[in-house]
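An overview of the molecular structure
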Amino acid sequence: MKRNVIVVAVVVFLLVVLGLAGWANWQNRKQMLAAQQAHQSQAVLIADSGTGSNAIGHLSSPLVGKPAPNFTLTNLKGEKVSLASYKGKAVQLNFWATWCAPCKIETPWLIELEKQYQPQGFEILGISFDDLDRDDPKLFAKDKAEIARSVAQLKIPYPVLLDGDSIAKPYGDSDVYPTSFFVNRSGTIVAASFGLTSKEDLEDNIRKALEEGK
Amino acid sequence: MRLAAAGVLALALGIGQTSFQPGSHPRPAAVSYLFPEQVTVPADKPAAVDLHFTVAPGLHINSHTPHARELVPTTLKFPETGAVRLAGVSYPAGSDFTFDLDPTEKLSVYTGEFILHAQMVAAPGAHLVEATLRYQACDNQTCMPPRSVPVTIDVIAK
């Protein structure tokens, strides 16, 4: 009788240990899969293929060559704007924030470039990454007013959408500003730029978006 | 030059390093609190304490008085409820910084090591103050979102 109890106890103990080991293994696999998925859309620092002292480095996105993740955000007028509605046009998604000084430097270039290439079917969507206090309507209105003030000050004519943070993950969560994704007419990301580049670099990427996916 | 600049920020953000695990927030801070970890001050009287911070190489943060209202000022905050009250802070003046691509716009920034002169009033006893320094960092091409770095001080008031 006593021996049976011991045997049963040992078997139960072994089953518990095996169960715990299986659960830990499953958790580990789940974490690894999540990390792998996040890594697939994470921006990484790479050097351009050019060699020599003039080689320019950049942060590259593995999203290049892939369909641009769709989103629906709200503009400053409170209207919903969806990326899908821009299909057939080349689009630059410009991630910026009012506190980002380099973003302010490139804004006049963006305005000029949009004006120049709009007749060919090019549009810019400015996506603000400023914090929005959604829990407090008064603070939310204040946050929105601050963004609108900056938009007016910078004379931005293209739509500026709010709450960029909500789409940060599918776009690689790079956390550096300014960031731009260039989407061709078929909805594929053909180029990405991280940080302040030059007007020429931006123009090259716009042309790429206009030319590819016709 | 651009590679170096992007590299500095990428390193500060933890991007592109083999050790970086996506989603393993918080990423390395652009600003670190150096010292003091412990201070002894007279109880119930304003006491001056110098707080030392450092900004990661290649980065800058806005000073407490940036030149534009939309820029995020560096600000020290103490918990609103607690036995230690922040009576005042004297922030250092920022140094001028301009971006290569727009030399016309000057920013007021802190780089390297900087010191805040804080005035604190503490009730008698030993208190662990968990303050924060809010800042917003950039390099010469990119900016990171505003962040807060913990400032933890063991305050002994006698």
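Counting from 1, residues in each chain are numbered in the order their sequence is written. Starting at A for chains and at 1 for ligands, labels are handed out in the order in which the entities are written. Totals for whole chains, interfaces and linings use all residues, but because this is a predicted model, local features are given only for residues with pLDDT of at least 70 and pairs of side-chain atoms are given and counted only at 80 or more.

With that out of the way, let us pick up the sheet that holds strand 8 (residues 102-110) of chain B. We call two strands paired when DSSP finds no fewer than two bridges between them. Per the convention used, a helix needs a DSSP run of H or I reaching at least four residues, while a strand needs a run of E reaching at least two, with both numbered from the N terminus. Pairing within the open sheet is antiparallel, and its four strands lie in the order 7-8-4-11 (chain B). This sheet does not close on itself; its edge strands, each paired only once, are strand 7 (95-99) and strand 11 (137-138) of chain B. Of the strand pairs in this sheet, strand 4 (residues 60-62) of chain B and strand 11 of chain B are connected by two bridges, and their pairing is antiparallel. Bridge pairing in strand 11 of chain B places Ile61(B) opposite Ala137(B). Contacts here follow a simple rule: the backbone-placed C-beta atoms of the two residues must lie within 7 Å. Between the N-to-C directions of two axes lies an angle of 0 to 180 degrees, each axis being a line fitted to C-alpha atoms and, for a helix, fitted only over the stretch in contact. Across the sheet, helix 2 (residues 101-117) of chain A lies against strand 7, strand 8 and strand 11 of chain B, angled at about 35 degrees from strand 7 of chain B, the strand it touches most.

Turning our eyes to something else, we now look at helix 2 of chain A. Residue pairs spaced three or four apart in an α-helix point in one direction, given the helix's 3.6 residues per turn. A rise of 1.5 Å per residue sets the reference length of helix 2 of chain A, with its 17 residues, at 24 Å; its end C-alpha atoms lie 25 Å apart and thus fit the reference within 8%. Bend at a given residue is defined as the angle between two axes, one fitted to the seven residues that end at that position and one fitted to the seven that begin there. Of all the bends in helix 2 of chain A, the greatest reaches close to 30 degrees and is centred on Thr107(A); the proline Pro108(A) follows between one and four positions later. Neighbour counting defines burial: a residue surrounded by 20 or more other C-beta atoms within 10 Å of its own C-beta is buried, one with 12 or fewer is exposed, and intermediate counts give partly exposed, using backbone-placed C-beta atoms. What helix 2 of chain A keeps buried is the set Ala101(A), Pro102(A), Cys103(A), Lys104(A), Glu106(A), Thr107(A) and Leu110(A). Close packing links the buried residues of helix 2 of chain A with strand 5 (90-96), strand 6 (122-128) and helix 3 (137-154) of chain A together with strand 7, strand 8 and strand 11 of chain B. Expected helix span is taken as 1.5 Å per residue step, with the number of steps being one fewer than the number of residues.

This part covers the pairing of strand 8 (residues 179-183) of chain A. All names here are of chain A. Judged by how many residues are buried, strand 8 sits mostly within the fold: five of five residues are covered. Alternating residues of strand 8 divide into Thr179, Phe181 and Val183 and Ser180 and Phe182, and every residue in both groups is buried. As paired strands, strand 5 and strand 8 are joined by five bridges and run antiparallel to one another. Looking across to strand 8, one finds that Val91 is bridged to Val183. As paired elements, strand 8 and strand 9 (residues 189-194) share five bridges and run antiparallel to each other. Of the residues in strand 9, the one forming a bridge with Val183 is Ile189.

In this section: the confidence of the model for chain A. The pLDDT value tells you how sure the predictor is about a given residue, anywhere from 0 up to 100. Considering every residue of chain A, the mean pLDDT works out to 84; 80% of them sit at 70 or more. With pLDDT under 50 throughout, residues 34-58 of chain A is counted as low confidence; its partners more than four residues away or in other chains account for 50 contacts.

Residue and element names in this part refer to chain B. With antiparallel pairing, the four strands of this open sheet are ordered in space as 1-3-9-6. Since the sheet does not close on itself, it has two edges, and those belong to strand 1 (31-35) and strand 6 (84-90), each with one partner. Taking each pair of neighbouring strands and ignoring which way they run, the sheet shows an average axis angle of 40 degrees. Direction of pairing for strand 1 relative to strand 3 (residues 47-55): antiparallel, over a ladder of four bridges. Across the sheet, Phe35 pairs through a bridge with His52, a residue of strand 3.

What follows is about the nonpolar core. Among the nonpolar cores identified, the biggest contains 67 residues, and Tyr177(A), Phe181(A) and Val183(A) are the most heavily contacted of them. The residues touching Tyr177(A), leaving out its near neighbours within four places in the chain, are Phe95(A), Trp96(A), Ala97(A), Cys100(A), Cys103(A), Phe129(A), Thr142(B) and Cys143(B). Only buried residues count toward a nonpolar core: Ala, Val, Leu, Ile, Met, Phe, Trp, Tyr and Cys, linked into one set through C-beta atoms within 7 Å.

Let us now look at unusual backbone geometry. The amide bond that connects Tyr177(A) to the next residue, Pro178(A), takes the cis arrangement and shows omega of 0 degrees. Take Pro178(A): it is sitting in the loop between strand 7 (160-161) and strand 8. Of note, the bond from Phe35(B) into Pro36(B) is cis; its omega dihedral lies within 30 degrees of zero at 5 degrees. You can see Pro36(B) is positioned in the loop between strand 1 and strand 2 (38-41). If you check the backbone angles, Asp173(A) has positive phi at about 50 degrees while not being a glycine. Along the polypeptide, Asp173(A) turns up in the loop between strand 7 and strand 8. Positive phi values are uncommon outside glycine, yet Asp44(B) reaches one of about 60 degrees. Within the secondary structure, Asp44(B) is located in the loop between strand 2 and strand 3.

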